[in-house]
Amino acid sequence: MTSLQIEGLKVDRSGIAVIRGVDLVAQSGEISVLLGSNGAGKTTLLESLSGIIPSRAGSISLNGVELARLRPGTRAKAGISHVEQGRTVFSDMTTEENLKVALHEEADLSDAYDLFPELLQRRNVKTGMLSGGEQQMVVIARSIVNRPRVIMIDEMSSGLAPVIVNRLMRAVRKLADSGMAVILVEQFASLALSIGDRAYVLRRGEIVYDGGCKTLADDPALMHRLYLGEGEKAAAL
Ligand SMILES: Nc1ncnc2c1ncn2[C@@H]1O[C@H](COP(=O)(O)OP(=O)(O)OP(=O)(O)O)[C@@H](O)[C@H]1O
């Protein structure tokens with residue numbers, strides 16, 4: 001069982017406190033949906049967990065091993081995988097070459113093609129020629145070839161058609177069901193909540209909701225208050 005435990009995390013950007021004491025738990029087999037309005041700090045939080053940017057205080061512990069002071073590569077080896085915003089593929093390389101770039105010697109591409117059989121048919125196509133949805137599949141597939149324990153996915157749906165977003169969401173659910181701990185940052189809140197287990201809402205660098213996805217999905221007024229910042233912290237906290 002994997003458990004990523006974050007306690008009292010603080011992250012600054014250009015000297016400004018962006019993450020201001022976040023507690024969060026991501027469990028094996030679960031999708032933790034991280035929501036919040038633009039600029040709330042969602043991307044910054046993921047970047048501090050994978051080590052792209054340093055944290056100022058707090059703990060990031062994976063199955064009891066403290067990661068907060070380790071380099072990004074060491075955190076990746078420990079099992080943290082980060083799908084960043086922007087679908088960065090090597091566009092002059094084929095699908096298969098893009099997947100192999102990430103591959104450790106002992107791993108193979110079977111998990112990637114099991115998750116997205118669509119990519120098998122496109123394996124010899126240069127990724128620059130793929131659709132946005134297929135490129136997103138490549139990026140997610142590339143991030144799981146070494147069997148991470150935790151996968152963090154930032155805004156995978158941005159600019160994609162609903163039918164593709166649904167396909168990607170099903171794949172993310174499958175990853176969690178296979179035993180990974182998933183942290184999903186999404187603009188499509190209702191869709192993410194429909195496949196997620198636990199939800200967190202971040203507002204100005206603080207968690208203002210920590211509870212069930214269904215509770216939040218069933219209460220649009222609560223969601224509205226949490227996003228806009230009216231009233232006090234949610235009762236579910
Ligand atoms: N490289 C940077 N240098 C300085 N400040 C930054 C940098 N990147 C982001 N910020 C600031 O940090 C805050 C949080 O930004 P972040 O991108 O983490 O939020 P977000 O919740 O992911 O928003 P979005 O949904 O717009 O991506 C914002 O105030 C933003 O202006």
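Residues numbered from 1 in each chain as written. Predicted model: local features only at pLDDT ≥ 70, side-chain atom pairs only at ≥ 80, totals over all residues.

- Under an unreviewed UniProt entry, the name given to the chain is ABC transporter ATP-binding protein, and the organism recorded is Rhizobium alvei.
- UniProt, in its Sequence similarities (unreviewed entry) section for the chain, records the words "Belongs to the ABC transporter superfamily." (UniProt positions renumbered as here; feature names shortened; annotations may be inferred.)

## Some details on the nonpolar core
Then, number 1: Formed by 65 residues in total, the largest nonpolar core has its most connected members in Ala 141, Val 182 and Leu 184.
Then, number 2: Those residues in contact with Val 182 that lie beyond four places of it in its chain are Ile 31, Ser 32, Ile 151, Val 172, Leu 175 and Ala 176. (Core = buried A, V, L, I, M, F, W, Y, C linked by C-beta atoms within 7 Å. Buried ≥ 20, exposed ≤ 12 C-beta atoms within 10 Å, placed from the backbone. Contact = placed C-beta atoms within 7 Å.)

## Quick notes on the site of the ligand
Then, number 1: Surveying the vicinity of the ligand reveals the residues Arg 13, Ser 14, Val 18, Gly 36, Asn 38, Gly 39, Ala 40, Gly 41, Lys 42, Thr 43 and Thr 44.
Then, number 2: Here the residues of the shell around the ligand are counted per class, giving two nonpolar, seven polar and two charged. (Near = placed C-beta within 6 Å. Nonpolar A, V, L, I, M, F, W, Y, C, P; charged D, E, K, R; others polar.)

## Regarding the sheet that holds strand S7 (residues 150–154)
Then, number 1: With mixed pairing, the six strands of this open sheet are ordered in space as S6-S7-S8-S3-S9-S10. Whereas interior strands pair on both sides, the edge strands pair on one side only; in this sheet they are strand S6 (80–83) and strand S10 (206–212). Across this sheet, the average inter-strand angle for adjacent strands is 15°, counted without regard to direction.
Then, number 2: Those strands touched by helix H1 (residues 42–50) are strand S3 (31–35), S6, S7, strand S8 (181–185) and strand S9 (198–203), and its axis lies near 150° from that of S7. (Pairing = 2+ DSSP bridges. Helix = DSSP H or I, 4+ residues; strand = E, 2+ residues; numbered from the N terminus. Axes fitted to C-alpha atoms, helices over the stretch in contact; angles between N-to-C directions.)

## Observations regarding the UniProt feature "domain: ABC transporter" (unreviewed entry) in the chain
Then, number 1: Under the UniProt annotation, the feature "domain: ABC transporter" (unreviewed entry) is placed at residues 4–229.
Then, number 2: Here residues 4–229 runs as 37% helix and 27% strand, with 27 Å between its end C-alpha atoms.

## Thoughts on helix H6 (residues 132–144)
Then, number 1: Its 13 residues place the ends of H6 19 Å apart at the C-alpha level, agreeing with the 18 Å of an ideal helix rising 1.5 Å per residue.
Then, number 2: Buried residues dominate H6, accounting for 11 of its 13 residues.
Then, number 3: Within H6, the full set of buried residues consists of Gly 133, Glu 134, Gln 135, Gln 136, Met 137, Val 138, Ile 140, Ala 141, Arg 142, Ser 143 and Ile 144.
Then, number 4: Lining the buried residues of H6 we find S6, helix H3 (95–101), helix H4 (110–115), helix H5 (117–121), S7 and helix H7 (162–177). (Expected span 1.5 Å × (residues − 1).)

## Some thoughts on the sheet that holds strand S1 (residues 3–13)
Each strand in a sheet pairs with another by means of backbone hydrogen bonds, the pair being arranged parallel or else antiparallel.
Then, number 1: With respect to topology, four strands assemble into an open sheet ordered S2-S1-S4-S5, the strand pairing being antiparallel. On the outer flanks of this sheet lie strand S2 (16–27) and strand S5 (65–66), each paired with one strand and no other.
Then, number 2: Sheet topology note: the S1/S2 ladder contains nine bridges and is antiparallel. Bridge pairing in S2 places Ile 6 opposite Leu 24.
Then, number 3: Sheet strands in contact with H1 are S1, S2 and strand S4 (57–62), and its direction is about 70° off that of S2.

## Quick notes on the pairing of S10
If a strand is regular, its side chains alternate between the two faces of the sheet.
Then, number 1: Bridging between S9 and S10 involves six bridges; their strand directions are antiparallel. Bridged to Val 201 within S10 is Tyr 209.
Then, number 2: Linking S9 to S10, which pair antiparallel, is a turn of two residues; within it Arg 204 sits at a positive phi near 45°.

## Notes on unusual backbone geometry
Then, number 1: Here Ser 14, not a glycine, exhibits a phi torsion of approximately 50°, which is positive.
Then, number 2: Locating Ser 14 in the fold gives a position in the loop between S1 and S2.

## A closer look at H1
Then, number 1: Burial within H1 is extensive, with seven of its nine residues counted as buried.
Then, number 2: Positioned one or two residues after H1, Gly 51 has a phi angle of 95°, which is positive.

## What to know about the environment of Arg 170
Then, number 1: For Arg 170, the position within the fold is in helix H7.
Then, number 2: Judged by C-beta crowding, with 11 C-beta atoms within 10 Å, Arg 170 ranks as exposed.
Then, number 3: A sequence separation of 55 residues divides Arg 170 from Leu 115, and the C-alpha atoms of the two residues are 9.7 Å apart.

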